[in-house]
Amino acid sequence: MTITKLDASGTIKAVYDNTFNKRRTILVDKGHTELRLSPFLGGLDHKSEPYHNGKYRSNAAEQSANWFNNRIGSSQINADYVHDIVNYAKSKGVSVRTLLNSVGFYTKDIPANATMITSGAWKDVTNSAKSIFCLYCYQKTYYKGFNIDSVNPSEDTIQLLDCGYNKWKADEWNFIKAGYATSFMKN
């Protein structure tokens, strides 16, 4: 007598177990591909940017954008995915944080009103003139994203750095705007 193992892969119990024991932090792109995400979101406090010290620097905006992109960019998922997730949360009438918590993401360490990133940082530099008589220069760094605690968020442009000088007022500055950026981490 030969004992064979029963193939139960097609039973209701097997399908149920397979469905409910799967990680819920897998992003499925309209049924075509899947992307495994860490249940922990990446985060970056604006104030941890090391290049702000109150003094004007000619390359401050570029340094700030590079710092931001190097810290958060490698873990960032495609902006289209973030838009899809935000739109899904909007359709359910909940915040992105509430949606993420309900499917198994851990957001307890993410501060209130953090920004879910949809773009890398870029610089914006304005000079008053291209001569020796340049009287002012403004350097700013921005990125885009959604507030994860807003129920119906819109994509906002977030300012990271404000740096410049104004010779008319004999003034210079270099500071970081308060804020917190967060992104999905690939697993």
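Everything numeric here is computed off the predicted structure, so don't read it as measured data.

Novice: Help me get a handle on the nonpolar core, residues and values and all.
Specialist: The biggest cluster of nonpolar side chains holds 19 residues, and the ones touching the most others in it are Leu41, Val82, Leu100, Met116 and Phe184. For this core, the secondary-structure elements that each account for two or more residues are α3 (79–92) and α4 (96–102). Considering every element that reaches this core, the biggest residue donor is α3, with five residues. Once residues within four sequence positions are removed from consideration, leucine 41 is found in contact with Leu100, Phe105, Tyr106, Thr107, Ile110, Met116, Thr182, Ser183, Phe184 and Met185. Among the nonpolar cores identified, the runner-up in size contains 16 residues, and Ala65, Trp67, Ile72 and Leu161 belong to it.

Novice: Please set out the pairing of strand β3 (residues 42–45) residue by residue, giving values where relevant.
Specialist: Here β3 shows a buried face lined by Gly42 and Leu44 and an unburied face lined by Gly43 and Asp45. By the bridge criterion, four bridges tie β3 to strand β9 (residues 180–183) in an arrangement that is antiparallel. Within β9, the residue paired with glycine 42 across the bridge is serine 183.

Novice: Give a detailed account of helix α2 (residues 60–72), specifying residues and quantitative values.
Specialist: Across its 13 residues, α2 extends 18 Å between first and last C-alpha, which sits within 8% of the 18 Å expected from 1.5 Å per residue. Turning to α2, its buried residues are Ala60, Ala61, Ser64, Ala65, Trp67, Phe68 and Ile72. Around the axis of α2, the buried residues are gathered within 160 degrees of arc, so they sit on the same side.

Novice: Describe α3, and please don't skip the residues or the numbers.
Specialist: Under the 1.5 Å per step criterion, the end-to-end length of α3 is 20 Å for 14 residues, consistent within 8% with the ideal 20 Å. Taken as a whole, α3 has its buried residues at Tyr81, Val82, Ile85, Val86 and Ala89. Buried residues of α3, viewed axially, fall in a sector of 135 degrees; they line one side. Counted as exposed and oriented over 90 degrees from the buried face of α3: Asp80 and Ser91.

Novice: How would you explain unusual backbone geometry if you had to name every residue and give the values?
Specialist: Even without being a glycine, asparagine 113 presents a positive backbone phi close to 60 degrees. Considering the arrangement of structural elements, one finds asparagine 113 in the loop between α4 and β4 (115–117). According to the relative accessible area criterion, asparagine 113 is partly exposed, its value standing at 48%.

Novice: Summarise the packing of aromatic side chains; cite the residues concerned and give the values.
Specialist: Applying the stated criterion across every chain yields a total of six aromatic pairs. Measuring from ring centre to ring centre gives 4.7 Å for tyrosine 56 and tyrosine 165, while their planes differ by 85 degrees; the resulting arrangement is edge-to-face. On the criterion of sequence distance, the pair formed by tyrosine 56 in the loop between β3 and α2 and tyrosine 165 in strand β7 (residues 156–166) is long-range, its members being 109 residues apart. Residue tyrosine 56 is classed as partly exposed on the basis of its relative accessible area of 22%. Taken together, a centroid distance of 5.6 Å and an interplanar angle of 40 degrees make the contact between tyrosine 138 and tryptophan 173 tilted. One end of the pair, tyrosine 138, is in strand β6 (residues 136–147); the other, tryptophan 173, is in strand β8 (residues 171–176), with 35 residues separating them in the sequence.

Novice: Give me the environment of asparagine 59: which residues, what numbers.
Specialist: Among the structural elements, asparagine 59 can be located in the loop between β3 and α2. Distance in space between the C-alpha atoms of asparagine 59 and lysine 123 is 9.7 Å, their sequence separation being 64 residues.

Cut-off values and rules
Residues numbered from 1 in each chain as written. Predicted model: local features only at pLDDT ≥ 70, side-chain atom pairs only at ≥ 80, totals over all residues. Heavy atoms only, no water. Core = buried A, V, L, I, M, F, W, Y, C linked by side-chain atoms within 4.5 Å. Buried < 20%, exposed > 50% of the residue type's maximum accessible area, 1.4 Å probe, protein only. Helix = DSSP H or I, 4+ residues; strand = E, 2+ residues; numbered from the N terminus. Contact = heavy atoms within 4.5 Å. Pairing = 2+ DSSP bridges. Expected span 1.5 Å × (residues − 1). Arc of directions from axis to C-beta. Phe/Tyr/Trp six-rings, centres within 6.5 Å; stacked < 30°, edge-to-face > 60°.

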